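# Commentary on secondary and tertiary structure
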Amino acid sequence: MSTINYSKWDHIEISDDEDDTHPNIDTPSLFRWRHQARVERMEEQKKKKEKFEQDKQSYQQRIAEMKRKVKEAEESASTEFQKLKIELSELEKQEEEYRKKEEELKKEEKLTPLNIDTICKEAKSKTLINKAAPPPKELSEEEKISKQQEFTKKYKSEIRKYGMLQKWDDSKQYLTEHNYLVCEETANYLVIWCIDLEVEEKHDLMKHVSHQCIVMQFILELAKSLKTDPRSCVGAFFSRIKLGEKQYTDAFNDELEAFRSRIQERARIRIEEAMKEYEEEERKKRLGPGGLDPEEVMQSLPEKLRACFEAQDIALLQKTVAEMPQEEAAYHIKRCIDSGLWVPGGDDKEEASGVQESKEEEVYEKVD
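Please read all numbers here as calculations on a predicted model, not as lab measurements.

With that settled, the discussion passes to the overall build of the chain. Within the chain one finds 15 helices and zero strands. By the burial criterion, 31% of the 368 residues in the chain qualify as buried. Pairs at least 24 residues apart make up 65% of the contacts formed inside the chain by residues separated by at least 6 positions. In the structure as shown, the chain presents an accessible area of about 25200 Å², 51% of it carried by carbon and sulfur atoms.

This is the structure in structure tokens:
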């Protein structure tokens, strides 16, 4: 028994070559009118479907953006959390409306009679819709670092070229031609590059590259919300952003400004850490034989004793030490030796503090 469904042929509009017309009617004109009317109806239905798809895509992007804001507000304990949660709930209520509209369009399309324009199609033409990619295997931190390093080594020049582009169309074309760049690794490199530029005080260039970084992040976020390959979302993002819808452009600009603020803060922290490391290295270079910092020891000495070292006055130093309690004098002299301020047992030359060896030993013996 045949399994072919013939029911779709039950409703076919009259063909343009139908010759059963009234003799007083201009048959060619009637055929042209019929065809034109049919084409106009098909075009209207096509536009209606395209508008629905566009509205649906816009709705999905708004939902994804709102979910992102709700998550950020929750993590930061923002006062806006409840407000954003209510807005998200209102948006989610519209999902049922879009589902009904989609069913109505499908039903309307199914009930549309076939005609010469719809029947005569290429037999092998078909449309393939990307299926959601399987969730990637979770990588360890070591594997992520290794993957990032390999990707950066291989595509660093291409990423930097993308980061320097300025026009929407140029970015779209470049990412379309180099779709292997549409991934988390590219976004990660751009973030690090932005921090480096801010540390180097190349503020204008940082602002430019940060724009390209947010473009990449929005494409990746769109792919996550649609559960599809990011490479298939390049065209959708640029089409959406070029429409200039206020809500979408505002979301983009808000995220861009927030990102730049985070970059500036991270650069400030990095500079502070670098300064601390530099100061620590310098301090280590200053350490005396006993591991004490001469500057720290100098500042901790009693005022009279510190004045002796600052003036490099040997006689005054001997007198001051002699007047001090023996235990206190021994404590401070020991710290001076450990920090290198005082170097007993040297030659006849003046040591770190300008104290001569012979007189140093004399004072040191007095406090032992």
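Moving on: the environment of Ile271. Structurally, the position occupied by Ile271 is in helix H10 (residues 246-286). With relative accessibility at 38%, the residue Ile271 sits in the partly exposed group. It is 6.9 Å that separates the C-alpha atoms of Ile271 and Val199, two residues lying 72 residues apart in sequence.

This part takes up helix H12 (residues 303-311). Of the residues making up H12, those classed as buried are Leu305, Arg306, Cys308 and Phe309. One face of H12 carries all of its buried residues, which in axial projection span an arc of 155 degrees. Of the exposed residues in H12, the ones pointing more than 90 degrees away from its buried face are Glu303, Lys304, Glu310 and Ala311. Buried residues along H12 sit against helix H11 (294-300), helix H13 (314-323) and helix H14 (326-339). Remark: Gln312 follows H12 within two positions and exhibits a positive phi of approximately 55 degrees.

With that settled, consider the confidence of the model for the chain. Averaged over every residue, the pLDDT of the chain is 76; residues scoring 70 or more account for 75%. By mean pLDDT, helix H15 (residues 357-367) is the weakest element of the chain at 41, and helix H6 (residues 168-177) is the strongest at 93. Ignoring residues within four places in sequence, the model shows residues 8-26, a span with pLDDT below 50, making 26 contacts including any to other chains. Contacts from residues 119-123, a stretch scored under 50 in pLDDT, to residues over four places away or in other chains number three contacts.

To continue, consider the packing of helix H9 (residues 234-243) against H10. Here H9 crosses H10 at 105 degrees, and the two axes come no closer than 8 Å. By the criterion of interaxial angle, the relationship of H9 to H10 is roughly perpendicular. Taking contact as the criterion, the partners of Phe237, Arg240 and Ile241 in H9 are, on H10, Tyr248, Thr249 and Phe252. Its residues assigned to classes, the contact of H9 with H10 shows four nonpolar, one polar and one charged.

With that out of the way, let us pick up the packing of H6 against H9. Two numbers describe how H6 lies on H9: the axes approach to 10 Å, and their chain directions differ by 175 degrees. It follows that H6 is roughly antiparallel to H9 by the angle criterion. Taken together, the residues of H9 that come into contact with H6 (itself represented by Trp168, Asp169, Ser171, Lys172, Leu175 and Thr176) are Val234, Gly235, Phe237, Phe238, Ser239, Ile241 and Lys242. Its residues assigned to classes, the contact of H6 with H9 comprises six nonpolar, four polar and three charged.

Under the defined criterion, the tally for this structure stands at 19 salt bridges. One salt bridge in this structure joins Lys246 and Asp250, with 2.7 Å as the shortest N-O distance. Highlighted residues: Lys246 and Asp250, both in helix H10, separated by four residues, approximately one helical turn. Given a relative accessible area of 60%, Lys246 falls into the exposed group. Two residues, Glu255 and Arg262, come together in a salt bridge whose shortest N-O distance is 3.0 Å. Classification of Glu255 as buried rests on a relative accessible area of 11%. A network of salt bridges, in which partner residues are shared, links Glu65, Arg68, Glu72, Glu255 and Arg262.

About the criteria used
Throughout this description, residue numbers start from 1 for each chain and increase along the sequence as written. Reporting of local features is limited, given that this is a predicted model, to residues whose pLDDT is at least 70; pairs of side-chain atoms are given and counted only at 80 or more, and all residues count toward the totals for whole chains, interfaces and linings. Working from all heavy atoms in the structure, the side-chain values ignore hydrogens and water. Only DSSP runs of H or I reaching four residues or more are called helices, and only runs of E reaching two or more are called strands; each is numbered from the N terminus. To sort residues, take the accessible area from a 1.4 Å probe on protein chains only and compare it with the maximum for the residue type: under 20% means buried, over 50% means exposed, and anything in between is partly exposed. Contact between two residues is taken to exist if any of their heavy atoms lie within 4.5 Å; hydrogens are not considered. Residue burial considers only the protein chains on display, and all accessible areas are found by Shrake-Rupley using a 1.4 Å probe. This arc corresponds to the set of directions leading from the helix axis out to the C-beta atoms. Per-residue confidence from the predictor is reported as pLDDT, a score between 0 and 100. With axes taken as lines fitted to C-alpha atoms, and helix axes fitted only over the stretch in contact, angles between N-to-C directions fall between 0 and 180 degrees. Oblique is the label for any angle not covered by the other classes, which are roughly parallel (under 35 degrees), roughly antiparallel (over 145) and roughly perpendicular (65 to 115). In this count, Pro and Cys sit with the nonpolar residues alongside Ala, Val, Leu, Ile, Met, Phe, Trp and Tyr, while Asp, Glu, Lys and Arg are called charged and the others, Gly among them, polar. By salt bridge we mean one thing: a side-chain nitrogen of Lys or Arg within 4 Å of a carboxyl oxygen of Asp or Glu.

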